[in-house]
Amino acid sequence: GERWSVVNASPDIRDQFARFPGLHPRPGTRELPLDKVVITNADLDHTLGLLVLREALSYRIVSTPWVRETMLANNAAWRLLETNWDTAEPGIPFALDAKGTLEARFFSVPGKVPTYLKGVAVNAEDTTVGLSVLDTERSRRLVYAAGIKIIDGPTRREFERADCRFVDGTFFSAEELLAMRPDAPDAHAMGHQPVGGSEGSLRTLSGLPGRSIYIHINNTNPIVDAGSPEAREVERAGIEIASDGMEIEL
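Residues numbered from 1 in each chain as written. Predicted model: local features only at pLDDT ≥ 70, side-chain atom pairs only at ≥ 80, totals over all residues. Heavy atoms only, no water.

K.L.:
Please clarify how the overall build of the protein chain should be interpreted in this entry.
P.N.:
If you tally the helices and strands in the protein chain, you get seven helices and eleven strands. At 18 Å, the protein chain has a C-alpha radius of gyration in line with the 18 Å of a compact globule built from 250 residues. Each principal axis of the C-alpha atoms in the protein chain carries an extent, and together these give about 50 × 45 × 35 Å. A burial count over the protein chain gives 46% of its 250 residues as buried. (Helix = DSSP H or I, 4+ residues; strand = E, 2+ residues; numbered from the N terminus. Rg over C-alpha atoms; globule rule 2.2 N^0.38 Å. Buried < 20%, exposed > 50% of the residue type's maximum accessible area, 1.4 Å probe, protein only.)

Here you go:
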């Protein structure tokens with residue numbers, strides 16, 4: 001409750017911080033009580049917030065080598081952050097907090113190169129990753145995985161080990177965007193496994209122990225409406241739908 005770390009930095013991160021008193025600067029200082037900003041892929045909705053935050057403060061950015069190197073090489077704006085930007089390979093633990101109580105580890109998940117980097121970068125093992133966070137004092141584990149094309153065997157095993165998991169819930173159906181735009185790509189082409197359907201993530205999550213919570217939900221996804229049939233289907237499966245300001249204690 002004294003210091004914090006953040007997973008991904010969306011464009012509205014300043015507004016998020018303003019709404020959360022725990023991340024306000026301490027009296028008489030300009031320093032945020034922020035230890036790490038962890039980036040799990042190079043998508044703009046995960047990274048633009050880095051440019052909103054002040055660049056020369058005490059917090060560290062952590063991503064995989066692919067994310068750091070690709071972003072620094074292809075846009076000069078990111079180089080403002082270069083001295084604050086560390087890397088960790090998938091599978092190699094790193095401390096998420098200053099005290100070292102929270103042990104974080106990236107794990108590879110099926111993903112894709114962001115559209116704005118198409119043609120200049122090649123997909124690799126560490127292009128998109130999930131994040132596992134272990135409280136070493138209490139042996140409780142949290143897993144985060146957004147922007148995943150499919151829950152494959154290794155990803156499912158990471159989910160099975162977790163007491164709580166945050167899972168990509170961008171789209172409910174594969175062709176959801178077609179209702180908005182006839183030439184829109186499907187969910188799979190955009191790097192997201194849909195929630196519903198015979199091959200959706202809901203079938204996998206409903207059989208796992210612990211808590212599963214959908215995050216990263218697009219505004220076209222009907223589960224944002226708590227009264228929708230799709231939202232009720234998710235809840236009947238025992239899966240939660242995240243909301244702004246939600247707090248979870250493990």
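Picking up after the structure, the text goes on.
K.L.:
Looking at this structure, I do not really get the sheet that holds strand β5 (residues 94–95). What am I missing?
P.N.:
Within a sheet, neighbouring strands are paired by backbone hydrogen bonds and run either parallel or antiparallel to one another. One open sheet accounts for seven strands, arranged β5-β6-β7-β8-β9-β10-β11; its pairing is mixed. The sheet is open, and its two borders are formed by β5 and β11 (240–241), each paired with just one other strand. In this structure, strand β7 (residues 129–135) lies alongside strand β8 (residues 140–145), joined through five bridges in antiparallel fashion. When the sheet's bridge partners are listed, Val133 is paired in β8 with Leu142. The strands that helix α5 (residues 153–160) touches are β6 (102–108), β7, β8 and β9 (164–168); relative to β6, the one it contacts most, it runs at about 160°. (Pairing = 2+ DSSP bridges. Contact = heavy atoms within 4.5 Å. Axes fitted to C-alpha atoms, helices over the stretch in contact; angles between N-to-C directions.)

K.L.:
Even after reading the chapter, I still don't get a nonpolar patch on the surface, so can you show me in this structure?
P.N.:
A surface patch of nonpolar side chains, about 310 Å² in accessible area, is lined by Leu44, Leu48, Leu51 and Tyr116. Summarising the element assignment, Leu48 is placed in the loop between α2 (44–47) and α3 (49–52). Using a relative accessible area of 33% as the deciding quantity, one classes Leu48 as partly exposed. (Patch = residues over 30% accessible without salt bridge, like charges linked within 9 Å, V, L, I, M, F, W, Y side chains within 5 Å. Areas by Shrake-Rupley, 256 points an atom, 1.4 Å probe, with all protein chains shown as cover. Salt bridge = Lys/Arg side-chain N within 4 Å of Asp/Glu carboxyl O.)

K.L.:
Explanation requested: the nonpolar core in the structure shown.
P.N.:
Within soluble globular proteins, side chains that are nonpolar generally end up buried alongside one another. One finds Phe17, Leu34, Val37, Leu50 and Trp85 to be the most contacted residues of the largest nonpolar core, which totals 24 residues. Residue assignment for this core shows that the elements contributing at least two residues are α1 (13–19), β2 (34–38) and α4 (65–74). Of all the elements, α4 adds the most residues to this core, at four residues. Sequence-distant contacts of Leu50, that is, excluding residues within four places in its chain, are made with Ala9, Val37, Ile39, Ile61, Trp78, Leu81 and Trp85. The next biggest cluster of nonpolar side chains, apart from the first, holds 19 residues, and it includes Phe107, Ala162, Val167 and Phe172. (Core = buried A, V, L, I, M, F, W, Y, C linked by side-chain atoms within 4.5 Å.)

K.L.:
Would you mind showing me how to read the pairing of strand β1 (residues 4–7) here?
P.N.:
For a regular strand, the rule is simple: side chains alternate between the two faces of the sheet. Pairing between β1 and β2: four bridges, direction parallel. Bridge pairing in β2 places Val7 opposite Val38. Each parallel crossover has a hand, and the one from β1 via α1 to β2 is right-handed. (Right-handed = clockwise from strand over helix to strand, strands pointing away.)

K.L.:
Sorry if this is basic, but what is going on with the packing of aromatic side chains here?
P.N.:
Remark: the centre distance and the inter-plane angle together describe each pair of aromatic rings, the angle taken between the planes. Considering all chains together, one arrives at two aromatic pairs under this definition. Aromatic pair Trp4 and Phe20: ring centres 4.9 Å apart, planes at 85°, arrangement edge-to-face. One end of the pair, Trp4, is in strand β1; the other, Phe20, is in the loop between α1 and β2, and 16 residues separate them in sequence. Relative to Phe106, the ring of Phe94 has its centre 5.3 Å away and its plane inclined at 50°; by these criteria the two rings are tilted. Pair noted here: Phe94 is in strand β5 and Phe106 is in strand β6, with a separation of twelve residues, a long-range link. Assigned by exposure class, Phe94 and Phe106 land together as buried. (Phe/Tyr/Trp six-rings, centres within 6.5 Å; stacked < 30°, edge-to-face > 60°.)

K.L.:
Help me understand the environment of Thr29 in this model?
P.N.:
The residue Thr29 is located in the loop between α1 and β2 in this model. Sequence-wise, Thr29 and Arg211 are 182 residues apart; in three dimensions their C-alpha atoms are separated by 38 Å.

K.L.:
It is not clear to me how the environment of Arg79 should be interpreted in this structure. Could you clarify?
P.N.:
Looking at where Arg79 falls in the secondary structure, it is placed in the loop between α4 and β4 (85–87). Accessibility expressed as a relative area gives 43% for Arg79, which makes it partly exposed. The contacts of Arg79, once residues within four sequence positions are left out, are Leu72 and Ala73.

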